[in-house]
Amino acid sequence: MRMAIIGAGAIGGWLTALLGQHLAEQVQLSVLARGDTLQAIKQHGLQLTQAGQVHRVRVRASESPAELGEQDLVILAVKAQSLPDVAPAVAELIGQHGKVLVAMNGVPWWFFHGAGAVLAAPLQTVDPSGRISQLIPAERVIGSVIHASCRTTAPAQIEHVMGQSLILGLPDGQITPQLQQLAALLEQAGLKISLSEQIQRDIWYKLWGNMTMNPISALTAASCDQILDDVLVRDFSARVMEEARLIGAAIDCQIEQSTEDRFAVTAKLGAFKTSMLQDAEAGRSLELDALVGSVREIGQRLGIATPWTDALYGLTRLMASNRGLLA
Ligand SMILES: NC(=O)C1=CN([C@@H]2O[C@H](COP(=O)(O)OP(=O)(O)OC[C@H]3O[C@@H](n4cnc5c(N)ncnc54)[C@H](OP(=O)(O)O)[C@@H]3O)[C@@H](O)[C@H]2O)C=CC1
Ligand SMILES: CC(C)(CO)C(=O)C(=O)O
């Protein structure tokens, strides 16, 4: 099987290292990377530190999709704001038959595939020109939710922080034999895979947590425990989440949990720095539209007011604009 990973950052680098270590017999693995990361992979391979062990994996890498050739599966692990740039490369790599496993946070471009007229048009905050949907049709997508945390300590050097789980699901909810085979293959690489008949609901549930923690941490430089320990900030987060719960109920992504129970899940992360805070500290652009702007936009389409989410979005966007962190 031919597999290419696009984006050898925290999550893409982690997955590349796992697949390279465990599936060398079954998978012909490549990475589409650029700049310092590409040079580092070519010179030294990719380094993963996981559970106190350091693994170095050699993998074919290029910045040219043509050089890598058509793939059976592409794993897409870039930040959402990079998607307009990489979408043509995805299309080239999947050719006529390949699939794309989308290993990203936030509302994806294919989220409302098959939905009624109000929601079917591409979201401005996710796919402004509609080009991503054209280049990567929903029929070619395998959706996912990543329950893991990783970070890059230097180009092509990845540290696994916690979690090994991925939920996989097709946009139309079918559990096909191909999906089951992929799940079995990824389990051989040490991942814990579950399959979902409604991956959109799993995506919305994850978003329910990181649409507050990520921007609030980027605004305040606070870790998750500090956010939850501050009564006023915790209350603000809950109000944003209640708006997302109402929207979720309107799009068949119901959330049954209380905000307090969700906070208890996040509290287990302890003094955790979200990926958005890590990006803000490193001067990289923020994944704000896919995580927060998209929720507001869906609310607007449905006529659901989102004053608390608007405030969070406005404040974070202004901070990001002043610090040069907007894509
Ligand atoms: N980090 C985490 O723990 C978690 C992240 N996620 C989600 O996973 C997704 C990926 O996040 P993460 O791994 O943290 O992101 P990173 O920023 O660490 O990695 C993204 C990678 O994509 C590369 N990239 C961007 N554009 C291109 C391009 N045109 N060509 C080649 N490479 C490109 C970047 O390269 P360059 O450095 O050159 O820009 C970078 O190496 C996000 O949606 C995130 O929210 C989900 C769960 C946890
Ligand atoms: C760990 C978590 C859930 C924090 O919101 C996350 O997904 C991130 O850091 O992007």
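Residues numbered from 1 in each chain as written. Chains lettered and ligands numbered in written order. Predicted model: local features only at pLDDT ≥ 70, side-chain atom pairs only at ≥ 80, totals over all residues. Heavy atoms only, no water.

Per an unreviewed UniProt entry, the protein goes by 2-dehydropantoate 2-reductase and derives from Alkalimonas amylolytica. Per UniProt, the protein carries the Catalytic activity (unreviewed entry) text "(R)-pantoate + NADP(+) = 2-dehydropantoate + NADPH + H(+)". In its Pathway (unreviewed entry) section, UniProt records this for the protein: "Cofactor biosynthesis; (R)-pantothenate biosynthesis; (R)-pantoate from 3-methyl-2-oxobutanoate: step 2/2." (UniProt positions renumbered as here; feature names shortened; annotations may be inferred.)

J.: Which residues make up the overall build of the protein, and what values go with them?
T.: Secondary structure assignment for the protein yields 14 helices and 10 strands. Relative to its length of 327 residues, the protein is compact, with a C-alpha radius of gyration of 19 Å against a globular reference of 20 Å. Projected onto its principal axes, the C-alpha positions of the protein cover 50 × 45 × 35 Å. With 327 residues in all, the protein has 52% of them scored as buried. Put simply, 75% of the contacts in the protein that link residues at least 6 apart link residues at least 24 apart. Surface exposure of the protein reaches about 14,200 Å², of which carbon and sulfur atoms provide 50%. Separation between the mean location of the 25 positive side-chain charges and that of the 31 negative ones in the protein comes to 4 Å. (Helix = DSSP H or I, 4+ residues; strand = E, 2+ residues; numbered from the N terminus. Rg over C-alpha atoms; globule rule 2.2 N^0.38 Å. Buried < 20%, exposed > 50% of the residue type's maximum accessible area, 1.4 Å probe, protein only. Contact = heavy atoms within 4.5 Å. Areas by Shrake-Rupley, 256 points an atom, 1.4 Å probe, with all protein chains shown as cover. Lys, Arg positive; Asp, Glu negative; His and termini not counted. Charge placed at Lys NZ, Arg CZ, Asp CG, Glu CD.)

J.: Could you give me a rundown of the packing of helix H8 (residues 199-220) against helix H12 (residues 275-282), with the residues and numbers involved?
T.: When two helices pack together, their arrangement is given by the angle between the helix axes and by the axis-to-axis distance. In contact at an axis separation of 7 Å, H8 and H12 are set at 30° when each is read in the N-to-C sense. When the interaxial angle is binned, H8 and H12 end up roughly parallel. The two elements H8 and H12 meet at a crossing, and its hand is right-handed. For the pair H8 and H12, contact is made by Asn-214, Pro-215, Ser-217 and Ala-218 and by Ser-275, Met-276, Leu-277 and Ala-280, respectively. Residues that form the contact of H8 with H12 fall into these classes: five nonpolar, three polar and no charged. (Axes fitted to C-alpha atoms, helices over the stretch in contact; angles between N-to-C directions. Parallel < 35°, antiparallel > 145°, perpendicular 65-115°, else oblique. Left-handed = near helix turned anticlockwise from the far one by under 90°. Nonpolar A, V, L, I, M, F, W, Y, C, P; charged D, E, K, R; others polar.)

J.: Just give me the short version of the packing of aromatic side chains, but keep the residues and values in it.
T.: The final tally for this structure, using the stated rule, is four aromatic pairs. Consider the rings of Phe-111 and Phe-112, whose centres lie 5.0 Å apart with planes at 85°: the pair is edge-to-face. Here Phe-111 and Phe-112 have matching classes, each one buried. Here the aromatic cluster, defined as three or more aromatic residues joined through ring pairs, consists of Phe-111, Phe-112 and Trp-204. (Phe/Tyr/Trp six-rings, centres within 6.5 Å; stacked < 30°, edge-to-face > 60°.)

J.: Break down the domain arrangement of the protein for me, citing the residues and quoting the values.
T.: Each assigned domain of the protein is listed with its residue range as follows: domain 1 (2-197) and domain 2 (201-322). Distance between the C-alpha centres of domain 1 and domain 2: 23 Å. Listed as interface residues are 30 residues of domain 1 and, on the opposing side, 24 residues of domain 2. There are one salt bridge connecting domain 1 and domain 2. Scanning the region where domain 1 abuts domain 2 turns up 12 residue pairs in polar contact (both at pLDDT 80 or more). Sorting elements by how many residues they give to the side of domain 1 that touches domain 2 places strand E8 (residues 141-154) first, with seven residues. Taken together, the residues of the side of domain 1 that touches domain 2 break down into 19 nonpolar, nine polar and two charged. (Domains from an automatic or database assignment. Salt bridge = Lys/Arg side-chain N within 4 Å of Asp/Glu carboxyl O. Polar contact = N/O pair within 3.5 Å; in protein donor to acceptor, adjacent residues only side chain to side chain.)

J.: Break down the site of ligand 1 for me, with residues and values.
T.: Within the structure, ligand 1 sits among 22 residues, and Ile-11, Arg-34, Asn-105, Cys-150 and Glu-287 are positioned closest to it. Within the contact set of ligand 1, an oxygen atom lies 2.9 Å away from a backbone nitrogen or oxygen of Ala-10. Starting from 890 Å² of accessible surface for ligand 1 in isolation, the protein chains cover 84%. For the shell around ligand 1, the secondary-structure elements that each account for two or more residues are helix H1 (10-22) and E8. For the shell around ligand 1, the leading source of residues is E8, giving four residues. (Near = heavy atom within 4 Å.)

J.: Mind laying out the packing of helix H13 (residues 288-302) against helix H14 (residues 307-322), listing which residues take part and the relevant values?
T.: One way to put it is that H13 packs onto H14 with a least axis distance of 9 Å and a crossing angle of 145°. In terms of crossing hand, the pair formed by H13 and H14 is left-handed. Listed contacts from H14 to Leu-288, Asp-289, Val-292, Gly-293 and Arg-296 of H13 are Thr-309, Asp-310, Tyr-313, Thr-316 and Arg-317. Considered class by class, the residues forming the contact of H13 with H14 number three nonpolar, three polar and four charged.

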